[in-house]
Amino acid sequence: MLRSPLTLAALATAAVPHFTPTTVRGTSTAQDDRFQIAYVTTADGKDWVVRAGRSTAAGAQMEQSDGLLRLLSARVPFAVPRIEGTAVADDGTVVSVQTRLPGTPLVWRELRAGSPMARNIGKALAAIHDADPRAVEEAGLPTYDADAYRARRLATLDRAAATGHVPAGLLSRWERALEEVALWKFATCTVHGPLEGSHVLVDGDAVVAMTGWEQAGVSDPAADFAVLSVLAEPAAFDTVLEAYAGARRDTIDTHLERRVRLAAELQRVNALMDAVTSNDRELVARRSAALRRLDEAMRDDESLLPPAPGRRKVPEVAPEPTPAVDPEDIEVVEFEDAGSDDETVEIPVNARERSTSSAAADETGPEEDPEPSSYPLDDEADDEADATDDPDHSDENAKDAKRPS
C-alpha cells in the first residue's frame, strides 16, 4: 500500500517527539521496492528521511539492522543510518524516522580505474569486513559459516530449478561451482549485503556515509562486490579489489573473484524466486527471459572454472578483464540512482493536525511510478536497462538523484 507524502509526515510526528514538519517531498516507488520513502524538513531546519516498510517483514528487517548499526557506528570510518523513532501504521507496517546523512550517492558506472574514489571504496569495504562479527550476532542478524552459506545457495538453486524456469545450462554451470569444495574454503565475515552505488555517499573522494544495511549479516564477502562487479568498468572494479585486499587485516582468499562472479549471476535466480513468490506472472515471464539470455551469453564462458596456472590472483590487476555479464543486458533498477519523479508539498502551519487526522484516508492514495526491482540482473523483454539487489534490497539517498540514461 502506498501512502501520500503528507501521511508519511503525519506518521513521523507520532514517531519522534516535537517533530514539526514544514516541508515534505515524496519519491517515486517501484513495484518491487520494500520501502516507501519521503524527505521531511522540520521547523528547526533539520532534514529527515521517513521510511515506511511495505510489509511487516521489511519493517522488522529495518529495525533489526538498526540494532547492528548502533553497535557498528564506532567500528567503521563513515556514518551509518540511525533510527530516531518508529511508529506502527494501522496495517501493522513500521515507519521509521532517520536524520538524513551527508554526501552524494554514487553511480557505479561512473567509477574510474585508478581513482582515489575507487580505492576509498575498497578501503571502506575492508573496514566493514574487518568489523567484529560478534556485533552481528548480538543484533540477531543472520550468521553463516562457509559450508552453511553454500548450502543456502544450493537450496535456493534447487527451489528455482523446481519452477522449470532455469535453463539446464545455467543449472549445470552453477551446480558445478557450488559443488567445488575449494571454492568454498574461506572465512566468512561481517557483510553489508549487495552494495549498490546509491548506498555509498561521498564528499569529494571520501566515503562519508553508507546506507542500505537491511541485508547485513555474517556471510561471504563476495556478496558485497556482486553489483559493483557487473555495473562498474572492469578496470575500476580491479582498483576497488586491489585497495580492498591491501586494507584487509586478513589475507583474502584466492577464489574471491570467482565467487563474486557467481554471486552476480545468481542474482537472477533470486529475482526469479521473488517474482514466483509474489505470484506476478508478468514479472516471472520477464525474469525467465533474462535467464534464457544469460544462458546464451554464458555458453562459452569459463569464468567460474578453476583458474589455470599463471592466471591472475587477487590483488593483481589485469589490463582488460572480460566481464562475466554484458552490462548492456542488465536491467538497472536500484543499483543506480532512483528516479527523480519527486513531489514537493509545502505544509501549512495547521497541516500537522489535519494530515494526522486524515492519515487513514490518505493510505489509499494514488499509486506512484512502478517501483524498481531490487535485483541488478533483471532484464526487460526488450533489453531496456532498468534494475537492482539480492534476495535476502532501495535507498533513501538514491531516491533524490536523477536516474542516468
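Basis of the calculations
- Residues numbered from 1 in each chain as written.
- Predicted model: local features only at pLDDT ≥ 70, side-chain atom pairs only at ≥ 80, totals over all residues.
- Heavy atoms only, no water.
- Pairing = 2+ DSSP bridges.
- Helix = DSSP H or I, 4+ residues; strand = E, 2+ residues; numbered from the N terminus.
- Expected span 1.5 Å × (residues − 1).
- Buried < 20%, exposed > 50% of the residue type's maximum accessible area, 1.4 Å probe, protein only.
- Contact = heavy atoms within 4.5 Å.
- Phe/Tyr/Trp six-rings, centres within 6.5 Å; stacked < 30°, edge-to-face > 60°.
- Lys NZ or Arg CZ within 6 Å of the ring centre and 35° of its normal.
- pLDDT = per-residue confidence, 0-100.
- Arc of directions from axis to C-beta.
- Axes fitted to C-alpha atoms, helices over the stretch in contact; angles between N-to-C directions.
- Parallel < 35°, antiparallel > 145°, perpendicular 65-115°, else oblique.
- Left-handed = near helix turned anticlockwise from the far one by under 90°.
- Salt bridge = Lys/Arg side-chain N within 4 Å of Asp/Glu carboxyl O.

Caption draft 1: Up close: the sheet that holds strand E9 (residues 206-210). Taken together, the three strands give an open sheet; going across it, the order is E6-E8-E9, and neighbouring strands pair in antiparallel fashion. In this open sheet, the two edge strands, each paired with only one partner strand, are strand E6 (104-105) and E9. Pairing analysis gives four bridges linking strand E8 (residues 200-203) to E9, with the strands arranged antiparallel. Within E9, the position partnered with valine 202 by the bridge is valine 207.

Caption draft 2: Focus on helix H8 (residues 234-247). The first and last C-alpha atoms of H8 sit 20 Å apart over 14 residues, in line with the 20 Å expected at 1.5 Å per residue. The complete set of buried residues in H8 reads Ala236, Phe237, Asp238, Thr239, Val240, Leu241, Ala243, Tyr244 and Ala245. Where H8 is buried, its residues touch helix H3 (116-130), helix H7 (226-231) and helix H9 (256-278).

Caption draft 3: Here's a closer look at the packing of aromatic side chains. This structure, assessed with the given rule, holds five aromatic pairs. The interplanar angle of 50° and the centroid separation of 6.2 Å between the aromatic rings of tryptophan 184 and phenylalanine 186 together place this pair among those described as tilted. With relative accessibility at 11%, the residue phenylalanine 186 sits in the buried group. One aromatic cluster is present, built from ring pairs that chain together Phe225, Phe237 and Tyr244. Over the ring of phenylalanine 35 we find arginine 51; its NZ or CZ atom is 4.3 Å from the centre of that ring.

Caption draft 4: Just the confidence of the model for the chain, in detail. Taken residue by residue, the chain gives an average pLDDT of 80. The fraction at 70 or more is 75%. By mean pLDDT, the top-scoring element of the chain is H3 (98), and the lowest-scoring one is helix H11 (residues 351-357) (40). Confidence drops under a pLDDT of 50 for residues 327-343, and excluding neighbours within four residues, the segment shows 101 contacts in the predicted structure. This stretch, residues 345-405, has a pLDDT under 50; its non-local contacts, to residues over four places away or in other chains, come to 229 contacts.

Caption draft 5: Layout of helix H6 (residues 168-179). Between its terminal C-alpha atoms H6 stretches 16 Å, which fits the 16 Å expected from 12 residues at 1.5 Å a residue. Within H6 the residues assigned to the buried category are Leu170, Leu171, Arg173, Trp174, Ala177 and Leu178. Down the axis of H6, the sector holding all buried residues measures 165°, keeping them to one side. In H6, the exposed positions angled more than 90 degrees off the buried face are occupied by Ala168 and Glu179. Its buried side turned inward, H6 meets helix H5 (146-162), H9 and helix H10 (281-297).

Caption draft 6: Unusual backbone geometry, seen in detail. The backbone phi angle of histidine 18 is positive, close to 60°, even though this residue is not glycine. For histidine 18, the location among the structural elements is in the loop between helix H1 (5-15) and strand E1 (21-26). The exposure class of histidine 18 is exposed, given its relative accessible area of 78%. Positive phi values are uncommon outside glycine, yet asparagine 279 reaches one of about 60°. Take asparagine 279: it is sitting in the loop between H9 and H10. Classification of asparagine 279 as exposed rests on a relative accessible area of 64%.

Caption draft 7: Looking closely at the packing of H9 against H10. Packing of H9 against H10 leaves a shortest axis separation of 9 Å and a crossing angle of 160°. The orientation of H9 with respect to H10, classified from their angle, is roughly antiparallel. In this structure, H9 crosses over H10, and the sense of that crossing is left-handed. Each of Glu265, Arg268, Ala271, Leu272, Asp274, Ala275 and Val276 in H9 lies in contact with H10, whose residues at this interface are Leu283, Val284, Arg287, Ser288, Ala290, Leu291 and Leu294.

Caption draft 8: Focus on the environment of threonine 56. You can see threonine 56 is positioned in helix H2 (residues 56-72). Threonine 56 sits 32 residues away from valine 88 along the chain, and the two C-alpha atoms are 9.8 Å apart. Non-local contacts of threonine 56, meaning those with residues more than four positions away in its chain, are made with Gly92 and Thr93.

Caption draft 9: The arrangement of the pattern of salt bridges in detail. In the structure shown here, the tally under the stated rule is 12 salt bridges. Of the charged contacts, one joins arginine 248 and aspartate 130 as a salt bridge, the two residues approaching to 2.8 Å between their closest N and O atoms. In this pair, arginine 248 sits in the loop between H8 and H9 while aspartate 130 sits in helix H3, placing the two residues 118 residues apart along the sequence. Both residues of the pair, arginine 248 and aspartate 130, count as buried. One network of salt bridges, with partners in common, ties together Arg173, Glu265 and Asp301.

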